[in-house]
Amino acid sequence: MSELILPEGYKALLNPLETQRAIKKIKDYFQSELAYGLSLRRVSAPLFVIPESGLNDNLNGVERRVDFTLKDMDEKRVEIVQSLAKWKRYALGKYGIKPGHGIYTDMNAIRRDEEMDNLHSVYVDQWDWEKVITKEQRSTEYLHETVTTIYNAVKNLGDYVNRLYRDVQTEIPNEIYFITAQELEDLYPNKTPKEREDLICRDHGAVFIEKIGGALRSGEKHDGRSPDYDDWELNGDIILWNDVLNRAFEISSMGIRVDAAAMERQLKLAGNEDRRQLPYHRAVLNDELPYSIGGGIGQSRLCMYFLRKAHIGEVQVSVWPQEMTEECRRHGIFLL
């Protein structure tokens, strides 16, 4: 169990039943804002995939996937998705979606190796979205434009929740601040990546940290990224300052996806060149999939943030260590 943050004097502003109603309202409102802002249409998505397809996300490359076999397919092994980063791009091509339009879906996953704390659960729920772009739009300018659109949807959600619940008020800046991972390291060279995120987010309230995945000049990475979906030069995280927990609070990881050149480069850097033979990777390398931009936005994270909850277990049902459940109860934190 990771370190548990127990805010002094914490008191939930909504009871469990009011919280459940609020979760529904937040999810309905935000997905409409997101779909309108980015021209997305909702689609169904898989809960599990065949490993040989190469569609599953290996995250940082060390997380164990949850798998099982299918009786009616000669005990064929399938894996619970860890995200839909690759599947969505494949779906864009399959559905024949044109540039300027895209898809979003409810993604549910199980990450068995997640270290549980106030922000992390083994159960993951997020809006996964993906949009077709042109080759010319594979640029920092277009990335920033898309981040701003998403941030505006988040701001609109905050205003909506503030109107609904007068006792639950959260304010975020009018604009999001952009900084690269290298600029952040240069600014705070003696701090860890997480400490840097806290410092920059405390100062600006809402930050997009970009160019995540490759090694910085120090030789360290800001954070890990799989080499085969985001282009490490055109990606990043949207992070808000959480004054309930007094820390940086990531709500989204996103980016422009790899083209053939970026895929080759990043597979080599990561030592994963063996993946070149998987169907998904061959499709990217052969320019058979559309150029795209996409990401995930945490559903429980947004609910937790705007309802001013201290623990993600207050807005989603999962399993927790007994000692965590008891410690939370003693400090007024009710886990669903």
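Residues numbered from 1 in each chain as written. Predicted model: local features only at pLDDT ≥ 70, side-chain atom pairs only at ≥ 80, totals over all residues. Heavy atoms only, no water.

An unreviewed UniProt entry lists the protein chain under the name Aspartate--ammonia ligase, with Hornefia porci given as the organism. UniProt's Sequence similarities (unreviewed entry) comment on the protein chain is quoted here verbatim: "Belongs to the class-II aminoacyl-tRNA synthetase family. AsnA subfamily." Its UniProt record gives the protein chain a comment under Catalytic activity (unreviewed entry), which states: "L-aspartate + NH4(+) + ATP = L-asparagine + AMP + diphosphate + H(+)". (UniProt positions renumbered as here; feature names shortened; annotations may be inferred.)

### Notes on helix α1 (residues 16-38)
For α1, spanning 23 residues, the distance from its first C-alpha to its last is 33 Å, which sits close to the expected 33 Å at 1.5 Å a residue. On its buried side, α1 packs onto β1 (40-42), β5 (102-110), β6 (123-132), α3 (140-164), β11 (292-298) and α8 (299-306). Between the side-chain oxygen at the start of α1 and the backbone nitrogen of L17 there is a gap of 3.1 Å, and the oxygen is on N15. Phi turns positive one or two residues past the end of α1, at S39, with a value near 60°. (Helix = DSSP H or I, 4+ residues; strand = E, 2+ residues; numbered from the N terminus. Expected span 1.5 Å × (residues − 1). Contact = heavy atoms within 4.5 Å. Polar contact = N/O pair within 3.5 Å; in protein donor to acceptor, adjacent residues only side chain to side chain.)

### What to know about helix α6 (residues 260-270)
If you check which residues of α6 are buried, you get A260, A262, M263, Q266 and L267. With its buried residues spanning 155° around the axis, α6 presents them on a single face. What points out from α6, more than 90 degrees from its buried face, is the exposed set K268 and L269. Elements in contact with the buried residues of α6: β9 (230-242) and α7 (279-285). (Buried < 20%, exposed > 50% of the residue type's maximum accessible area, 1.4 Å probe, protein only. Arc of directions from axis to C-beta.)

### Here's the deal with the sheet that holds strand β10 (residues 247-257)
Strand order in the open sheet made by the eight strands is β1-β5-β6-β11-β10-β9-β8-β7, with mixed pairing throughout. Of all the strands in the sheet, the pair left with one neighbour each is β1 and β7 (177-180). The mean inter-strand angle of the sheet, taken between neighbouring strand axes irrespective of direction, is 25°. Across nine bridges, β9 lies against β10 in antiparallel orientation. The partner of D230 across the bridge, within β10, is R257. The strands touched by α1 within the sheet are β1, β5, β6 and β11, with β6 carrying the most contacts at an inclination of about 20°. Packed on one face of the sheet, helix α5 (residues 193-204) meets β7, β8 (206-210), β9 and β10 and runs near 60° to β9. (Pairing = 2+ DSSP bridges. Axes fitted to C-alpha atoms, helices over the stretch in contact; angles between N-to-C directions.)

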